[in-house]
Amino acid sequence: MQSRRTRRLEIVGTAVAAVVALVVALNLVGVPVRPPFWPGGAQGSNPFDAAAVHVDPQSQAARAAASAAGDDARILGRLAATPTAVWLTPEATPVDVVEEHVRRIAVQARDEDSVALFVLYGIADRDCSGQESAGGLPPDQYRDWVQAAADGADGIGTSAVVVEPDALADAGECADPDERIALLEDAVTSFVDADVTTYLDAGHSGWVAPEEMAGRLEQAGVEDARGFSTNVSFYADDATERAYADAVADALGGGHYVIDTGRNGNGSDGQWCNPPGRALGRAPSVGDGRLDAHLWIKPPGESDGSCGGGPAAGTWWTERALELARAAGW
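Not measured: the values here are computed from a predicted model. (Residues numbered from 1 in each chain as written. Predicted model: local features only at pLDDT ≥ 70, side-chain atom pairs only at ≥ 80, totals over all residues. Heavy atoms only, no water.)

Caption draft 1: Just the state of the cysteines, in detail. In total, this model carries 1 disulfide according to the counting rule given. The side chain of Cys273 participates in a disulfide bridge whose partner is Cys307; the two sulfur atoms lie 1.7 Å from each other. Judged by the sign of its S-S torsion, about -80°, the bond between Cys273 and Cys307 is left-handed. Pair noted here: Cys273 is in the loop between strand 6 (256-260) and strand 7 (285-286) and Cys307 is in the loop between strand 8 (291-295) and helix 9 (318-327), with a separation of 34 residues, a long-range link. Owing to a relative accessible area of 17%, Cys307 belongs among the buried residues under this scheme. (Disulfide = S-S within 2.5 Å. Helix = DSSP H or I, 4+ residues; strand = E, 2+ residues; numbered from the N terminus. Buried < 20%, exposed > 50% of the residue type's maximum accessible area, 1.4 Å probe, protein only.)

Put into structure tokens, the structure is as follows:
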């Protein structure tokens, strides 16, 4: 019996062959056309066209709102009601619990006709450049953990995943970049085989040049995914980030992407770690063209790290959440 992946690749291969034949024909009659890298996205339609992202009732924002009072409670309640991705880390959801954790959220999303949006964040030597997010799992354990997470979503409603923010952008700093890219490719395969719409992270506009990033994405198997993500945990404004994402897509020859707009309301001052003067950005919404959606991928109330007075990376920081919200006019 053929696997879902084999059948899917045969269908995609047939579509690609038809497109290539058309391109060749047009070129022969003098109409130069560049073929798309993966027409329409290997995984088909945009999952955010028909449904909003699931709101996790157990999010850190929801817990903060429950213990707040006055105007703080109002703001935190609104924040908790905004669809935001659920991050999966081996520190918080190890291999023995991650499958059930993912399944719980996927079932909730299915029952309310929404999209369960996850972020995978546990790759080996996670922060190669020695910044604020060290950790992750050894390669063999990482593969098992990823597979368990993918199994949790398999066959349950509509789910999407952003695979390893910063991992490709940071790969040049790793002791073994080839191993990192192989792990990312395996992660993409696990989630694609589970029919989870997959976006492989492409860093942000202030990091890796579009052509270089496109090459890394290709090496990590983006052709099997829906596309890529940008601006996760960063602050670049919408126009700047969309221009970057379009340049990456152009370098790939096509494709789709999502942009994190959770904290980019005032754009970037070039700093990435709890910079002052930032604001919440555009609310989650479906995109157009190659942009599948504006999403809140990094929860706005989570710290970037122990800088600017913040707690450890990924820790909920109520003061920061309120500052970002009030700067956005909430």
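Caption draft 2: Examining the pairing of strand 3 (residues 158-163) more closely. Extensive coverage of strand 3 is indicated by the burial of 5 of its 6 residues. Bridge analysis of strand 2 (residues 115-120) against strand 3 gives 6 bridges, and the strand direction is parallel. When the bridges of strand 3 are listed, Val119 appears paired with Val162. Sheet topology places strand 3 next to strand 4 (residues 197-201); 4 bridges connect them, and they run parallel. Within strand 4, the position partnered with Val161 by the bridge is Thr198. In this region the chain leaves strand 3, passes through helix 6 (residues 177-193) and returns to the parallel neighbour strand 4; the handedness of that crossover is right-handed. (Pairing = 2+ DSSP bridges. Right-handed = clockwise from strand over helix to strand, strands pointing away.)

Caption draft 3: Layout of the environment of Ser59. The topology assignment puts Ser59 in the loop between helix 1 (4-28) and helix 2 (60-66). Sequence separation of Ser59 and Ala81 is 22 residues, and the distance between their C-alpha atoms is 9.7 Å. A distance of 3.1 Å separates a polar side-chain atom of Ser59 from the backbone nitrogen of Ala62. (Polar contact = N/O pair within 3.5 Å; in protein donor to acceptor, adjacent residues only side chain to side chain.)

Caption draft 4: Representation of the pattern of salt bridges. Under the defined criterion, the tally for this structure stands at 19 salt bridges. Asp186 is the partner of Arg143 in a salt bridge, and the nearest nitrogen-oxygen pair spans 2.7 Å. One end of the pair, Arg143, is in helix 5 (residues 139-153); the other, Asp186, is in helix 6, with 43 residues separating them in the sequence. Here Arg143 falls in the partly exposed class, since its relative accessible area comes to 31%. (Salt bridge = Lys/Arg side-chain N within 4 Å of Asp/Glu carboxyl O.)

Caption draft 5: Inspection of the nonpolar core at higher detail. Ranked by size, the top nonpolar core spans 51 residues in total, and within it Leu120, Tyr142, Leu200, Met213, Leu217 and Phe228 carry the most contacts. Not counting chain neighbours up to four residues away, the residues in contact with Leu217 comprise Leu168, Leu200, Asp201, Ala202, Val222, Phe228, Val248 and Leu252. Ranked by size, the runner-up nonpolar core spans 17 residues in total, among them Ala51, Leu117, Ala160 and Ala293. (Core = buried A, V, L, I, M, F, W, Y, C linked by side-chain atoms within 4.5 Å. Contact = heavy atoms within 4.5 Å.)

Caption draft 6: Spotlight on unusual backbone geometry. With phi around 70°, Asn231 is a residue other than glycine that occupies positive phi space. Relative to the helices and strands, Asn231 is located in the loop between strand 5 (227-230) and helix 8 (238-252). Of the residues examined, Asn231 reaches a relative accessible area of 0% and is grouped as buried. The backbone of Ser233 sits at a positive phi, close to 70°, despite the residue not being glycine. You can see Ser233 is positioned in the loop between strand 5 and helix 8. Given the relative accessible area of 18%, Ser233 is considered buried.

Caption draft 7: Structural detail: the packing of helix 7 (residues 210-219) against helix 8. Between helix 7 and helix 8, whose axes approach to 8 Å, the crossing angle comes to 60°. Our classification of the angle between helix 7 and helix 8 gives oblique. Every pair of crossing elements has a handedness; the one defined by helix 7 and helix 8 is right-handed. Taken together, the residues of helix 8 that come into contact with helix 7 (itself represented by Pro210, Glu211, Met213, Ala214, Leu217 and Glu218) are Tyr244, Ala247, Val248, Ala251 and Leu252. Grouping the amino acids of the contact of helix 7 with helix 8 by side-chain chemistry returns 9 nonpolar, no polar and 2 charged. (Axes fitted to C-alpha atoms, helices over the stretch in contact; angles between N-to-C directions. Parallel < 35°, antiparallel > 145°, perpendicular 65-115°, else oblique. Left-handed = near helix turned anticlockwise from the far one by under 90°. Nonpolar A, V, L, I, M, F, W, Y, C, P; charged D, E, K, R; others polar.)

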